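# Topology and contacts: notes
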Amino acid sequence: MIFLTTLPLFWIMISASRGGHWGAWMPSSISAFEGTCVSIPCRFDFPDELRPAVVHGVWYFNSPYPKNYPPVVFKSRTQVVHESFQGRSRLLGDLGLRNCTLLLSSLSPELGGKYYFRGDLGGYNQYTFSEHSVLDIINTPNIVVPPEVVAGSEVEVSLLHFVPTREANGHRLGCQASFPNTTLLFEGYASLDVKYPPVIVEMNASVEAIEGSHVSLLCGADSNPLPLLTWMRDGTVLREAVAESLFLDLEEVTPAEDGVYACLAENAYGQDNRTVGLSVMYAPRKPTVNGTMVAVEGETVSILCSTQSNPDPILTIFKEKQILATVIYESELQLELPAVTPEDDGEYWCVAENQYGQRATTFNLSVEFAPVILLESHCAAARDTVQCLCVVKSNPEPSVAFELPSRNVTVNETEREFVYSERSGLLLTSILTLRGQAQAPPRVFCTARNLYGSKSLELPFQGAHRLMWAKIGPVGAVVAFAILIAIVCYITQTRRKKNVTESPSFSAGDNPPVLFSSDFRISGAPEKYESERRLGSERRLLGLRGEPPELDLSYSHSDLGKRATKDSYTLTEELAEYAEIRVK
C-alpha cells in the first residue's frame, strides 16, 4: 500500500493514563492524490469506569448519526461496509488501544468528504464523536504559497526555499509528485504574486516649448501593487493618481511654468522619483533701464539695461542710429560714459532681440553744463533799428541778459518789450531789438548764466561798412553827387590837357563806378514794425549780409520800393532805400 508521505499529518498524542471522558482526536482536513491511498490518524477515549471487555468502532461518511443511515466506511463487528468502500477501507489502529486510524486506498473523487468515528463498547455505551476529518481528493499538488511574497526576501513555498525578484512576479511555480515503482505522476502550478517597490521606467527627457503651446509630461512606474504617482513642482502637488502611468498636461505654457518637475512613485514597499526640466522659450520682455539719467558735464555715467527672455537675447544700446554697446546672449548690458559732454545728451534706445521677437525701450540722458554762447550770435542794423541775436547752449536753461556798457543799461529776457526768447532742445535763442538808433550802434554784450557758471560775449555787427550810408540819408547822397561831379570834371580836364591817348573812363558802353547808400529809414515809419516783433520776422532782420543787387545804370533814380531777400533773418516787409548815381 502506498501512503502520501509528502503531506503534513495531524496527530495528537494521548497520555497513557485514561482521560476519564468521551473524546476523539484526528486531523480536520487531509488531501490525497486520486488513485493513491491515505490514512486518517485517529485516537479516542472513554470513561475509565466502563471497563469494556471488547471495544468496537464504526466509521461513517458525511454524517455522524446512525439514524440517518450514513454510508458505513468500516465496521469492526460485522465487516459490512457501503459498496463504495468495499475493498478500499481498512482499520490500521488497535481499538483496544484506543487507536482508530483508518486507511483508504484506490481513492476516487466520490470518496472526498467528511469522516466520523463512533465508539462501541457494548450495550448503551456507544458514542459518535463530533470531531471529524475532511478528505480532499486532488489531481495536482497543492502548492501552498505564503500570503505575502516580497522581492528580495527569502520565502518558503511547499518546502521550497528561494529569494524571489521583481521579475518573478506573475510567473508560475511548478511542483511534481511521483511515486517509486508506480506510474503515478502529479504536477501542479501556482502563480507568484511578488510584491516590490516602484521603479519609474518611463518619463520625458528635457522639454523645450514655445510660450503659449501645449505641453504633456508623462511618468510611468513598475511596481506591485500599483503605485501612487504624484507630479510636483517646487513642493506643490500638481496631480496624483494610483496608476501605472500619469500625464501632466500644461495648456498655453508661460515663462512662469519654466522649471523642474518631479514625479514621485510610492507604495507600501518603497518609492522612487525622477525629475524633468521644462524650458519655455519666449521673446524678450520690454527692457528696463536703471541708472543716472541726469549728469553734470565731466561726470561718469553708468546705465544698466536688462530684460528677460529665453534664450538670452542680443542687447544693443543705440544713439542716433549709432551702436554704443552690445552683448550677445546676456540679459544685462552696462553702458559706461566717462566724462560726459553735452553731445552725450539726448535720446537712447535699448533693443533686445532673439529668434522669437524684439522689444525696445527709449530713455533720455540729460547732461547739465555751464552756458556756451555760439559763434553765430551777432548784431545787425537796418536804418534806425538794431537787432542782436544771442544763441546759448546750456542745460539747465540759462538766464540771458544784454548789456550796453556805453549806456550803462542791462536788458534781460523778462523785458518782453525788447527781448524775445525761444528754447529748442539745449539751445536758447534770445533777440534784442533796439529802435530809433540814429547814432552809431552801441556795443552789445550777451551774458548767459545757470547754476554751473556764466559766459559773456561781445556781439559783433555784421555788414558794418553799410552803416555809414544808412546814417548819411538823402541829403548825404546829394552832397556825394556834387562831390563826384566835381572830381570827374577835374580828372577829365586834367587828362585832356595832357592829351593822353587812352580809352575814356566813362564811355557809354562801360559800367561807370557807382556810389550808393543803402539801408536807411524814412522817418515816420517806425510804427509799422511794432506789430512784427516775432521770432521769424526778427531773425530775418538780422540776416542782412549781402550787397545790393546790380542795377540798370542807364539812369539815376531813387527807388523807395520793397526789396525781397533770401536771408531767413530779414523782415518780409523791409523798406530797402538806396540812392544810385550814374555819370555818363
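Residues numbered from 1 in each chain as written. Predicted model: local features only at pLDDT ≥ 70, side-chain atom pairs only at ≥ 80, totals over all residues. Heavy atoms only, no water.

### So, the pattern of salt bridges
Close approach of charged atoms lets side chains of opposite charge pair. How we decide: Whenever Lys or Arg places a side-chain nitrogen within 4 Å of a carboxyl oxygen from Asp or Glu, that contact is recorded as a salt bridge. In this text, helices come from DSSP runs of H or I with a minimum length of four residues, and strands from runs of E with a minimum of two, each type numbered from the N-terminal end. With a 1.4 Å probe rolled over the protein chains alone, any residue whose accessible area is under 20% of its type maximum counts as buried; one over 50% counts as exposed, and the rest are partly exposed.
Summed over the entire model, instances satisfying the criterion amount to nine salt bridges. With a shortest N-O distance of 3.7 Å, aspartate 222 and arginine 166 are connected by a salt bridge. Here the residue aspartate 222 occupies a position in strand S18 (residues 215-224), and arginine 166 occupies one in the loop between strand S13 (160-162) and strand S14 (172-178), the gap between them amounting to 56 residues. Residue class for aspartate 222 comes out partly exposed when judged on its relative accessible area of 31%. Its salt-bridge partner being glutamate 458, residue arginine 443 comes within 3.0 Å of it at the nearest N-O pair. Here arginine 443, found in the loop between strand S37 (427-434) and strand S38 (445-450), pairs with glutamate 458, found in strand S39 (residues 453-458); they are 15 residues apart in sequence, far enough to count as distant. On the basis of relative accessible area, arginine 443 is assigned to the partly exposed category, the value being 47%.

### Section: the packing of aromatic side chains
Here is the rule we go by: Planes of paired rings set the category: under 30 degrees apart is stacked, over 60 is edge-to-face and the rest tilted, where pairs are Phe, Tyr or Trp rings (Trp by its six-membered ring) whose centres lie within 6.5 Å. To sit over a ring, a charge needs its Lys NZ or Arg CZ within 6 Å of the ring centre and within 35 degrees of the ring normal.
What the rule picks out here adds up to 16 aromatic pairs. The interplanar angle of 5° and the centroid separation of 6.2 Å between the aromatic rings of phenylalanine 117 and phenylalanine 129 together place this pair among those described as stacked. In this pair, phenylalanine 117 sits in strand S9 (residues 113-120) while phenylalanine 129 sits in strand S10 (residues 126-138), placing the two residues twelve residues apart along the sequence. One exposure class covers both phenylalanine 117 and phenylalanine 129, and it is buried. Between tyrosine 127 and phenylalanine 129, the aromatic rings sit 5.1 Å apart at their centres with planes inclined by 70°, giving edge-to-face as the arrangement. Between the NZ or CZ atom of arginine 98 and the centre of the ring of phenylalanine 46, over which it lies, the distance is 4.0 Å. Taking the ring centre of tyrosine 348 as reference, the NZ or CZ of lysine 319 above it sits at 5.7 Å.

### A short note on the sheet that holds strand S24 (residues 288-291)
Worth spelling out the cut-off: Pairing between strands is defined by DSSP: at least two bridges between the two strands are required. Between N-to-C directions, angles span 0 to 180 degrees; the directions come from axes that are lines fitted to C-alpha atoms, helices contributing only their stretch in contact.
Overall, antiparallel pairing links the three strands, which are arranged S24-S26-S29 in an open sheet. The open sheet has two free edges, formed respectively by S24 and strand S29 (332-337), since each of these has just one partner strand. The mean angle between the axes of side-by-side strands here comes to 20°, regardless of whether they run parallel or antiparallel. As judged from the four bridges shared by S24 and strand S26 (residues 301-306), these two strands associate in the antiparallel manner. Bridged to asparagine 290 within S26 is leucine 304.

### So, the state of the cysteines
For the record, the criterion: Two cysteine sulfur atoms form a disulfide, by the criterion used here, when they sit within 2.5 Å.
A full pass over the atoms with the stated rule returns five disulfides. Cysteine 219 shares a disulfide with cysteine 263; S-S distance 1.9 Å. The sign of the -80° torsion about the S-S bond sets the cysteine 219-cysteine 263 disulfide as left-handed. Linking cysteine 219 in strand S18 with cysteine 263 in strand S22 (residues 259-267), this pair joins segments that are 44 residues apart in sequence. The residue that forms a disulfide with cysteine 390 is cysteine 446, at a sulfur-sulfur distance of 1.8 Å.

### Quick notes on the sheet that holds strand S8 (residues 102-104)
On the basis of which strands lie adjacent, the open sheet formed by three strands has the order S3-S8-S7 and antiparallel pairing. Looking at strand neighbours, the two that pair on one side only are strand S3 (38-40) and strand S7 (89-91), the edges of this open sheet. Strand-to-strand twist across the sheet, computed as the mean angle between neighbouring axes with direction ignored, equals 25°. Where S7 meets S8, three bridges bridge the pair, whose relative direction is antiparallel. When the sheet's bridge partners are listed, leucine 91 is paired in S8 with leucine 102.

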